[in-house]
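Take a look at the letters that make up each chain.
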Amino acid sequence: MIETGALFEIAVEGSGEDKGMPEFDAWRHEIGALAEILEAIDEQIHSKAVITWRLADLHHSTPTIALRPEWDADFGHKPADAVMNIWFSAVTDLRRGRDPEALGARALEAVRKALRPIGNSLRLVNLSYEGLADVLDVHVAAALSSIKFKTEVAEEDWEGSLDELNLHNDNRTFRLYPAVSRRWITCEFTKEQESLVRDNLQNKVSVSGEAIYRPKEMIPHRIRVKHIERLDGGEIEPLDKFTHMYSATETADIFERLFERRNGW
């Protein structure tokens, strides 16, 4: 059985004389960035995205779309309300020049993406959800550039599948896919570690190093790799099977233990 929530409305205004008619590329960019924000917050607080957003309405005088959230009725509470409360609180923090600590690294990067067109091809974006309303405008964009965003670092070990090696411009990284989340952790390594990384591509490994978190994240978004160890068992399941391998109850228990671990720093 599926439950639905209130409409989330997004109204985009273009700049200059055509403020009611934004450029299509800018409109598409903005809607895409907002979709990334919603998904990132959803995944951050529920370990994986549980909300499906459906296009429910369109208005044309000022280009506006209305999205209706849907989720499995067995979930137990209204996940869209939790996502929206974090999002609108984050916009308020940004406007006041404060770090929106509830936003993880992926959500924060999507916010930066959403604010890039503001003051250029776009004048502003009006947002509303039930009794919540705010706007992305030049004031929010300007405040973003002056905020010092917090991160926390801890020496940790993480297990997962090593994949997607990147050597572009000497920026050596790979993705580690932990079993507790469908999102990857970006791992930075040195030139001296390159052969070891190549030898362990698509294998299950243990990675130790400096794990970097945003204040409310349960899983690090980045690890500065010190050691890599291949785990027993040889080839692992394909990545799409490796992620989501735990039930909702098991995942909740894992995240509760992660919270206790993080809260004890």
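Every chain is numbered on its own, with residues counted from 1 as its sequence reads. With the structure being a predicted model, the display of local features is reserved for residues of pLDDT at least 70 and the display and counting of side-chain atom pairs for 80 or more, all residues being used for whole-chain, interface and lining totals. Note that water and hydrogens are dropped before the side-chain values are worked out from all heavy atoms of the structure.

J.: Just give me the short version of the overall build of the protein, but keep the residues and values in it.
T.: Segments assigned H or I by DSSP are reported as helices when at least four residues long, segments assigned E as strands when at least two residues long, and all are numbered from the N terminus. A count of helices and strands for the protein gives 7 helices and 11 strands. Here the protein holds 265 residues, and 45% of them are scored as buried. Calculation of accessible area relied on Shrake-Rupley with a 1.4 Å probe; when residues are assessed, cover is drawn exclusively from the protein chains displayed. About 14000 Å² of surface is accessible on the protein, with carbon and sulfur atoms providing 47% of the total. Whether a residue is buried, partly exposed or exposed follows from its accessible area with a 1.4 Å probe, protein chains only, as a fraction of its type maximum: under 20%, in between, or over 50%, in that order.

J.: Would you mind going over helix 2 (residues 79-95) in detail, with residue names and values included?
T.: Any helix carries an expected span of 1.5 Å times its number of residues minus one. The first and last C-alpha atoms of helix 2 sit 25 Å apart over 17 residues, in line with the 24 Å expected at 1.5 Å per residue. The first or second residue beyond helix 2 is Gly 97, which carries a positive phi of 75°.

J.: Outline a negative patch on the surface, listing residues and values.
T.: Only residues whose relative accessible area exceeds 30% and that form no salt bridge are eligible for patches; like-charged ones are grouped when within 9 Å, while nonpolar side chains (Val, Leu, Ile, Met, Phe, Trp, Tyr) are grouped when within 5 Å. Counted as salt bridges are all cases of a side-chain nitrogen of Lys or Arg within 4 Å of a carboxyl oxygen of Asp or Glu. Counting rule for charge: Lys and Arg are taken as positive, Asp and Glu as negative, and neither His nor the chain ends is counted. By convention, the point assigned to a charge is CZ for Arg, NZ for Lys, CD for Glu and CG for Asp. On the surface, Asp 157, Glu 159, Glu 229 and Asp 232 cluster together to form a negatively charged patch. Those elements that provide at least two residues to the negative patch are strand 7 (152-166) and strand 11 (222-235). Here Glu 159 shows up in strand 7. Judged by relative accessible area, Glu 159 falls into the partly exposed class, the value being 45%.

J.: Could you give an account of the pairing of strand 6 (residues 132-136), with specific residues and numbers?
T.: Working note: regular strand, side chains alternate between the two faces of the sheet. A pair of strands is labelled paired if DSSP reports no fewer than 2 bridges between them. Judged from the 5 bridges that link them, strand 5 (residues 122-129) and strand 6 form a sheet pairing that is antiparallel. Residue Ser 128 lies in a different strand from strand 6, and its bridge partner there is Ala 133. Between strand 5 and strand 6, which follow one another and run antiparallel, lie 2 residues, and Glu 130 among them has a positive phi close to 50°.

J.: Explain the packing of aromatic side chains residue by residue, including any values.
T.: To pair, rings of Phe, Tyr and Trp, with the six-membered ring standing in for Trp, must have centres within 6.5 Å; the planes then decide the type, stacked if under 30 degrees apart, edge-to-face if over 60, and tilted in the middle. Taken as a whole and judged by the stated rule, the model has 5 aromatic pairs. Note on Phe 174 and Phe 189: the rings are 5.8 Å apart at their centroids and 35° apart in plane angle, and the pair reads as tilted. Placement of Phe 174 in strand 8 (residues 173-177) and of Phe 189 in the loop between strand 9 (185-188) and helix 5 (194-199) is noted, with a sequence separation of 15 residues between them. For Phe 174, a relative accessible area of 1% translates into the label buried. A relative accessible area of 6% means that Phe 189 is categorised as buried.

J.: Can you explain helix 4 (residues 138-146)? Please cite residues and give values.
T.: Within the span of helix 4, buried status applies to Val 140, Ala 143 and Leu 144. With its buried residues spanning 105° around the axis, helix 4 presents them on a single face. Every exposed residue of helix 4 that faces more than 90 degrees away from the buried side is listed here: Ser 145 and Ser 146. Whether two residues touch is decided by their heavy atoms; if any such pair falls within 4.5 Å, the residues are in contact. Check the buried side of helix 4 and you find it contacts helix 2, helix 3 (105-115) and strand 6. Arc definition: directions from the helix axis to the C-beta atoms.

J.: Kindly report on unusual backbone geometry, identifying the contributing residues and their values.
T.: Backbone geometry places Glu 130, a non-glycine residue, at a positive phi of 50°. In this structure, Glu 130 sits in the loop between strand 5 and strand 6.

J.: Tell me what's going on with the nonpolar core, and back it up with residues and numbers.
T.: We call a set of buried Ala, Val, Leu, Ile, Met, Phe, Trp, Tyr and Cys residues a nonpolar core when their side-chain atoms join them within 4.5 Å. Membership of the largest hydrophobic core comes to 41 residues, with the highest contact counts inside it found for Phe 8, Ile 10, Trp 87, Leu 127 and Leu 136. Elements supplying a minimum of two residues to this core: strand 2 (8-14), helix 1 (24-46), strand 4 (64-72), helix 2, helix 3, strand 5 and helix 4. Sequence-distant contacts of Ile 10, defined by excluding residues within four places in its chain, comprise Ile 31, Leu 34, Pro 63, Thr 64, Ile 65, Leu 67, Val 125, Asn 126 and Leu 127. By size, the runner-up hydrophobic cluster in this structure holds 17 residues, among which are Leu 176, Val 180, Ile 185 and Ile 223.

J.: Which residues make up the pattern of salt bridges, and what values go with them?
T.: Enumeration according to the criterion identifies 20 salt bridges in this entry. Two residues, Arg 175 and Glu 164, come together in a salt bridge whose shortest N-O distance is 3.1 Å. Here Arg 175 is found in strand 8, whereas its partner Glu 164 is found in strand 7, with 11 residues between them in sequence. Linked through salt bridges whose partners overlap, the residues forming this network are Glu 39, Glu 43, Arg 106 and Arg 183.

J.: Go over the environment of Trp 71 with me, naming the residues and quoting the values.
T.: Relative to the elements of secondary structure, Trp 71 occurs in strand 4. With 21 residues separating them along the chain, Trp 71 and Val 50 place their C-alpha atoms 6.1 Å apart. Residues in contact with Trp 71, not counting those within four places in the same chain, are Met 1, Ile 2, Glu 3, Thr 4, Gly 5, Val 50, His 77, Lys 78, Pro 79 and Ala 80.

J.: Quick one: what's the story with the side chain of Asp 99, residue by residue and with numbers?
T.: Mapped onto the secondary structure, Asp 99 falls in the loop between helix 2 and helix 3. Polar contact is defined as a pair of N or O atoms within 3.5 Å, subject to the rule that within protein one atom must be able to donate a hydrogen and the other to accept it, and that residues adjacent in sequence are counted only when both atoms are side-chain atoms. Polar side-chain contacts of Asp 99 include one of 2.7 Å to the side chain of Arg 214. When sequence neighbours within four positions are dropped, the list of residues in contact with Asp 99 reads Asp 93, Ile 147, Lys 148, Phe 149, Lys 150 and Arg 214.

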